[in-house]
Amino acid sequence: MSLVSVLLKPGEADRIVAGHPWIYSNSVLRLTAPVTDGDLVQVKDHRQRLLGTGFYNSRSKIVVRLLDRDRIEPNHSFFRQRIGAALAHRQRWMPGTTSYRLVNAESDFLSGLIVDRYDDVLVIQISSLGMELRKSTIVEVLKDLLDPRAILERSDTASRKFDGLAEAQGLIWGEPVGEIEVDLNGIRFLTNLAEGHKTGMYLDQQANYAAVGDLAKGAHEVLDCFSFAGGFALHAARAGAKRVHALDQSADAVAAAQRNAAANGLADRVEFETANVFDWLKARTAVGPSEKVIPRYDLIILDPPSFTRNRSSVPDALRGYKEIHLRALRLLKPGGLLSTFCCSHHVDRVLFEDVILAAAIDTRVILRRVASHSQSPDHPVVPSIPETEYLKGFTYERVA
Ligand code: SAH
């Protein structure tokens, strides 16, 4: 099979040689022949040296998403090898888990493809035309490798439009699935994967739920901010925390979390409240000049959504992060722990800790870092592809 070549401009090859799989349209010098969108192409530098092969799409800003440094054919055996390697990685680094992200796009050298495994139900999410056109092969491979009860599609993300794809969701194969029970570290979460429901789980926090749960042993009062389905709150309660208060602004998330608490026999210790975290913290920390805020909590968890989707809104995001830390620190007992997370790729570990430190200085609190957290191993970080790293977190002890 002879492939059309996409030749890059001088100077554009270095990033690719270093292992980054995206070719932007403005890096392209010329094509050796016309290409149909979604076809496999080979990418070469301006001296015609092969850099790799990948899927072409003229409608995307990323015109080629590379799959390999060599010539490959994106057939059944290719996907079987790649998805099989992704599975082996989870089995090695997350042994014993039954729900995890099985394929995480660039992290698993399959740009445009995400597959989540909820025990025997698989959910795929496709964001590139090249992958979309190979969907039936991918589904066959998933059936061979995992023998699932059902395969659903949740390609309802806005990013599909960048590849000229319409949103798609529904059952692709197997029996219809309504609500399922997802086991994370032995805690059961009722999850509705069906159309229209915005549930699902944040699988990237699975390892951190366990780590923070361990820290909650012996805590009397725990506050979980941005609690969603109750991941941190329920792990803290199971570890023995006496009272856990959890906040989320979504009434649906709070209702789901309450059901999860009941399903795990933890409802007597965890209380979920529908509230805006910013307003709630403000109300608890705004006091008159002669009054003092009484620190009540032994452990506070902050796991907000990404406050920024792009570089230009980073300053606003930093103000948001600082604000919640300022207020949370005032509610944390001396000797208590703060576990705090940031899932924005644009705010890195150093910048994030700078903000936390700024909040600590303003509140005259000394923090001692006792743990660093990252995304779970089913969202692998590939340092040559910086976009694969986004979730970071720290646990600090409030020394004074
Ligand atoms: N800790 C959760 C994930 C949090 S995702 C987990 O591990 O599963 C972010 C959550 O924050 C969402 O559930 C969203 O409803 C909630 N949220 C976003 N902005 C909020 C705000 N200002 N106040 C309270 N909750 C908010």
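Residues numbered from 1 in each chain as written. Predicted model: local features only at pLDDT ≥ 70, side-chain atom pairs only at ≥ 80, totals over all residues. Heavy atoms only, no water.

A. Structural context of unusual backbone geometry. Despite not being glycine, Phe109 shows a phi value in the positive range, around 60 degrees. Of note in this structure, Asn185 is not a glycine but carries a positive phi near 55 degrees. Its location among the elements puts Asn185 in the loop between strand E12 (179-184) and strand E13 (187-192). Overall, the relative accessible area of 28% leaves Asn185 in the partly exposed class. (Helix = DSSP H or I, 4+ residues; strand = E, 2+ residues; numbered from the N terminus. Buried < 20%, exposed > 50% of the residue type's maximum accessible area, 1.4 Å probe, protein only.)

B. Up close: the nonpolar core. The biggest cluster of nonpolar side chains holds 40 residues, and the ones touching the most others in it are Tyr118, Phe189, Val222, Leu234, Val244, Val270 and Phe272. Both domain 2 (76-184) and domain 3 (204-398) contribute no fewer than three residues apiece to this core. When sequence neighbours within four positions are dropped, the list of residues in contact with Tyr118 reads Thr98, Ser99, Val123, Ile180, Val182, Leu193, Gly200, Met201 and Leu203. (Core = buried A, V, L, I, M, F, W, Y, C linked by side-chain atoms within 4.5 Å. Domains from an automatic or database assignment. Contact = heavy atoms within 4.5 Å.)

C. Representation of the domain arrangement of the protein within the structure. Each domain of the protein was delimited in the assignment, giving domain 1 (5-68), domain 2 (76-184) and domain 3 (204-398). For domain 2 and domain 3, the distance between their C-alpha centres works out to 29 Å. In this assembly, 16 residues from domain 2 lie in contact with 12 residues from domain 3. Carbon and sulfur atoms make up 59% of the surface buried where domain 2 meets domain 3, a total of about 1100 Å² over both sides. It is Met94, Ser107 and Leu184 in domain 2 that bury the most area against domain 3; as a group they hold 43% of the surface buried on that side. One can count one salt bridge joining domain 2 with domain 3. Between Arg259 and Glu179 there is a salt bridge, with its nearest N and O atoms 3.0 Å apart. Here domain 2 and domain 3 share five residue pairs in polar contact (both at pLDDT 80 or more) between them. (Buried area = accessible area lost by both parts, 1.4 Å probe. Salt bridge = Lys/Arg side-chain N within 4 Å of Asp/Glu carboxyl O. Polar contact = N/O pair within 3.5 Å; in protein donor to acceptor, adjacent residues only side chain to side chain.)

D. Quick look at the packing of helix H2 (residues 76-93) against helix H4 (residues 135-146). Two elements in contact, H2 and H4, have axes separated by 9 Å at closest approach and are oriented at 50 degrees. Considering the angle they form, H2 stands oblique to H4. Crossing angle aside, the handedness with which H2 passes H4 is right-handed. The residues of H4 that touch H2, namely those facing His76, Phe79, Arg80, Ile83, Gly84 and Leu87, are Thr137, Ile138, Glu140, Val141, Leu142, Asp144, Leu145 and Leu146. Each residue belonging to the contact of H2 with H4 can be placed in one class, and the counts come to eight nonpolar, three polar and three charged. (Axes fitted to C-alpha atoms, helices over the stretch in contact; angles between N-to-C directions. Parallel < 35°, antiparallel > 145°, perpendicular 65-115°, else oblique. Left-handed = near helix turned anticlockwise from the far one by under 90°. Nonpolar A, V, L, I, M, F, W, Y, C, P; charged D, E, K, R; others polar.)

E. Molecular detail of the sheet that holds strand E7 (residues 99-104). Ordered in space as E7-E8-E9-E10-E11, the five strands form an open sheet in which the pairing is mixed. Edge strands, defined here as strands with exactly one partner in the open sheet, are E7 and strand E11 (168-174). Taking the axes of each pair of neighbouring strands and ignoring which way they run, one obtains an average angle of 20 degrees across the sheet. Sheet analysis places strand E8 (residues 113-118) next to strand E9 (residues 121-126), joined by six bridges and oriented antiparallel. Residue pairing across strands places Asp116 opposite Val123, the latter belonging to E9. Contacts from H4 reach E7, E8, E9, strand E10 (150-155) and E11, with the element oriented near 155 degrees to E9. (Pairing = 2+ DSSP bridges.)

F. Fine view of the site of the ligand. The environment of the ligand is formed by 15 residues, the closest being Tyr209, Phe226, Asp248, Val277 and Asp303. Contact between the ligand and Gln249: a nitrogen atom at 3.0 Å from a main-chain N or O atom of the residue. Contact between the ligand and Val277: a nitrogen atom at 2.8 Å from a main-chain N or O atom of the residue. Considered on its own, the ligand offers 580 Å² of accessible surface; in the complex 89% of this is hidden by protein. (Near = heavy atom within 4 Å. Areas by Shrake-Rupley, 256 points an atom, 1.4 Å probe, with all protein chains shown as cover.)

G. Quick peek at the sheet that holds strand E16 (residues 270-274). Across the sheet, seven strands lie side by side as E16-E15-E14-E17-E18-E20-E19; this open sheet has mixed pairing. One side of each edge strand has no neighbouring strand; the edge strands of this open sheet are E16 and strand E19 (367-374). Taking the axes of each pair of neighbouring strands and ignoring which way they run, one obtains an average angle of 15 degrees across the sheet. Sheet strands touched by helix H9 (residues 314-331): strand E17 (297-302), strand E18 (332-342), E19 and strand E20 (392-398). Its angle to E18, the strand with the most contacts, is close to 155 degrees.

H. How the structure looks around the pattern of salt bridges. A full pass over the atoms with the stated rule returns 22 salt bridges. With its nearest N and O atoms 2.7 Å apart, the salt bridge here joins Arg90 to Asp108. Taken as a pair, Arg90 in helix H2 and Asp108 in the loop between E7 and E8 lie far apart in primary sequence, 18 residues in all. Here Arg296 and Glu221 are joined by a salt bridge, their closest N and O atoms 3.3 Å apart. Taken as a pair, Arg296 in the loop between helix H8 (277-285) and E17 and Glu221 in strand E14 (residues 221-225) lie far apart in primary sequence, 75 residues in all. One salt-bridge network, held together by shared partners, links Asp120, Arg149 and Glu175.

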